[in-house]
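Residue-level listing of the chains:
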Amino acid sequence: MPKTYWVTVYRSISDPQKLAAYAELAGPSIAPFGGRYLARGTAAAAYEAGLKQRIVISEFPSLEKAIAAHDSPAYQHALEVLGDAAVRDLRIVEGLE
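Notes on the structure follow. (Residues numbered from 1 in each chain as written. Predicted model: local features only at pLDDT ≥ 70, side-chain atom pairs only at ≥ 80, totals over all residues. Heavy atoms only, no water.)

## Re helix H3 (residues 73-82)
Regarding H3, the residues found buried are Tyr-75, Ala-78 and Leu-82. End-on view of H3: buried residues confined to an arc of 50 degrees, all on one side of the axis. Away from the buried face of H3 by more than 90 degrees, exposed residues Pro-73 and Glu-80 are located. Looking at the buried side of H3, the elements it contacts are strand E1 (4-13), helix H1 (16-30), helix H2 (63-71) and strand E4 (86-94). Looking one or two residues past H3, Gly-83 carries a phi angle of roughly 55 degrees, positive in sign. (Buried < 20%, exposed > 50% of the residue type's maximum accessible area, 1.4 Å probe, protein only. Helix = DSSP H or I, 4+ residues; strand = E, 2+ residues; numbered from the N terminus. Arc of directions from axis to C-beta. Contact = heavy atoms within 4.5 Å.)

Dropping the structure here:
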């Protein structure tokens, strides 16, 4: 079963304090599903149509675990705390192996 990844790109951040509060909740909320951060921060370089924006890559043991983590009450609460503080694009993609 291939690992699965959340790829989250932040288009804009309007309230860094809310983002920080979200970040404190998000990590612990995905951990019970085997989720862990692989990369977090502003892109070091961007090519083609890419922009140097904040990006987070999270790894999960399976597609089912990744979706369950996103839909969990704990993560949904973290999203409520984030509110309208950021415009984001979150995609879930299965790995090749």
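## Focus on the environment of Ala-66
Mapped onto the elements, Ala-66 comes out in helix H2. The class for Ala-66 is buried, based on a relative accessible area of 0%. The spacing of Ala-66 and Ala-46 is 20 residues in sequence and 26 Å in space, taken between C-alpha atoms. Not counting chain neighbours up to four residues away, the residues in contact with Ala-66 comprise Thr-4, Trp-6, Phe-60 and Ile-92.

## Points about the packing of aromatic side chains
Note on aromatic pairs: each is described by the distance of the centres and the angle between the planes. One pass over the structure, following the stated rule, counts three aromatic pairs. Ring geometry for Tyr-22 against Tyr-75: centres 6.1 Å apart, planes inclined by 75 degrees, an arrangement best described as edge-to-face. Here the residue Tyr-22 occupies a position in helix H1, and Tyr-75 occupies one in helix H3, the gap between them amounting to 53 residues. According to the relative accessible area criterion, Tyr-22 is buried, its value standing at 7%. By way of ring pairs, the aromatic residues Trp-6, Tyr-22, Phe-60 and Tyr-75 are connected into one cluster. In this structure, Arg-40 is placed above the aromatic ring of Tyr-37, and the distance from its NZ or CZ to the ring centre is 4.4 Å. (Phe/Tyr/Trp six-rings, centres within 6.5 Å; stacked < 30°, edge-to-face > 60°. Lys NZ or Arg CZ within 6 Å of the ring centre and 35° of its normal.)

## Focus on the side chain of Thr-8
Examined against the element boundaries, Thr-8 turns out to sit in strand E1. When near neighbours in sequence (up to four residues on either side) are disregarded, Thr-8 contacts Arg-54, Ile-55, Val-56, Arg-88, Asp-89 and Leu-90.

## A look at H1
For H1, which comprises 15 residues, the first-to-last C-alpha distance of 21 Å matches the rise-based estimate of 21 Å (1.5 Å per residue) to within 8%. Residues of H1 that are buried include every one of Leu-19, Tyr-22, Ala-26, Gly-27, Ser-29 and Ile-30, and no others. Close packing links the buried residues of H1 with E1, strand E2 (36-42), strand E3 (54-60), H2, H3 and E4. (Expected span 1.5 Å × (residues − 1).)

## Details of the pairing of E3
Alignment of E1 against E3, held across six bridges, turns out to be antiparallel. Bridge pairing in E3 places Thr-8 opposite Val-56. Here E2 runs beside E3; their pairing, made up of six bridges, is antiparallel. By the bridge assignment, Arg-36 is partnered in E3 with Glu-59. (Pairing = 2+ DSSP bridges.)

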